[in-house]
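# Reading the structure
One letter stands for each residue in the lines below.
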Amino acid sequence: MQTQKRGGNLNYFVHSHALVESTKIGDNTRIWAFAHVLPQATIGSDCNICDHVFIENDVVVGDRVTVKCGVQLWDGLRVADDVFIGPNATFTNDMYPRSKKPFQLLKTVVERGATIGANVTVLPGLTIGAGAMVAAGAVVTKDVPAGALVAGNPARLIRYIEEKC
């Protein structure tokens, strides 16, 4: 395992089997094996980027974010502070994907303190509100309000969470 150094200070950890091309990584972030971070990506402080995560160029990840194994963060995604993204969650950025065809990049926002469960799929151009929780396996087809718990395919409001983030 290796630790990256900038300016002589130990700022963040990168596993020896990760490929991290970006220099915009916050202090105390940990990037584990087989993760790939492209050169223009931005990752905040105190994040945990687990094995087999791919982070594209036009992605901004806030502070204290956990991205579990097998997640891909595609161009146009904005992840605020204190977000949890469960294993194999899928974000999309193209409403009508076709091979080798131009497309309209749609921005997706995950607001502060939200939780995205394992195997969730989030369609492009949506906002997951602050403190919201998306249950495992849900397919998010519309915006999720702040503090909402949604589940199912398509994701539907179950209740509001009283816990404040």
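Residues numbered from 1 in each chain as written. Predicted model: local features only at pLDDT ≥ 70, side-chain atom pairs only at ≥ 80, totals over all residues. Heavy atoms only, no water.

If you look the protein up in an unreviewed UniProt entry, it shows as Lipopolysaccharide biosynthesis protein, partial from Geoanaerobacter pelophilus.

## With respect to the nonpolar core
The condition that has to hold: Put simply, a nonpolar core is a bunch of buried Ala, Val, Leu, Ile, Met, Phe, Trp, Tyr and Cys residues held in one set by side-chain atoms that sit within 4.5 Å of each other. Burial status follows relative accessibility: with a 1.4 Å probe on protein chains alone, a residue under 20% of its type maximum counts as buried, one over 50% as exposed, and anything between as partly exposed. Contacts are assigned to residue pairs with any non-hydrogen atoms lying within 4.5 Å of each other.
Core analysis: the largest hydrophobic core is formed by 40 residues, its most contacted members being Leu73, Ile85 and Ile128. Those residues in contact with Leu73 that lie beyond four places of it in its chain are Phe54, Ile55, Glu56, Val59, Val61, Val67, Ile85 and Phe91.

## Let's talk about the pattern of salt bridges
Which entries qualify depends on this criterion: For this analysis, a salt bridge means a side-chain nitrogen from Lys or Arg found within 4 Å of a carboxyl oxygen belonging to Asp or Glu. A run of DSSP states H or I qualifies as a helix once it reaches four residues; a run of E qualifies as a strand once it reaches two. Both are numbered from the N-terminal end.
Tallied over the entire structure, the rule returns five salt bridges. When the shortest N-O distance is used, the salt bridge between Lys107 and Asp58 registers 3.2 Å. Here Lys107, found in the loop between β14 (90–91) and β15 (108–110), pairs with Asp58, found in the loop between β8 (54–55) and β9 (60–61); they are 49 residues apart in sequence, far enough to count as distant. When its relative accessible area of 25% is taken as the criterion, Asp58 is described as partly exposed.

## Structural notes on the environment of Ala35
By secondary structure assignment, the location of Ala35 is in the loop between β4 (30–31) and β5 (36–37). For Ala35, a relative accessible area of 2% gives the class buried. Linking Ala35 and Asn153, residues 118 residues apart in sequence, is a C-alpha distance of 29 Å.

## Notes on the sheet that holds strand β12 (residues 77–79)
Inclusion rule: Only strands that DSSP links by at least two bridges are regarded as paired with each other.
The five strands lie next to each other as β6-β9-β12-β15-β18, forming an open sheet whose pairing is parallel. Edge positions in the open sheet fall to β6 (42–43) and β18 (127–128), since each of these has one partner strand only. As paired elements, β9 and β12 share two bridges and run parallel to each other. Across the sheet, residue Val60 finds its bridge partner in β12, namely Arg78.

## Examining the pairing of strand β21 (residues 148–151)
Put simply, side chains in a regular strand alternate between the two faces of the sheet. As judged from the two bridges shared by strand β19 (residues 133–134) and β21, these two strands associate in the parallel manner. Among the inter-strand pairings, Met133 is bridged to a residue of β21, identified as Leu149. Relative to strand β22 (residues 156–160), β21 is paired through four bridges, and the arrangement is antiparallel. Among the inter-strand pairings, Leu149 is bridged to a residue of β22, identified as Arg159. Where β21 folds back on β22, the antiparallel hairpin that results is connected by four residues, among which Gly152 adopts a positive phi of roughly 100°.

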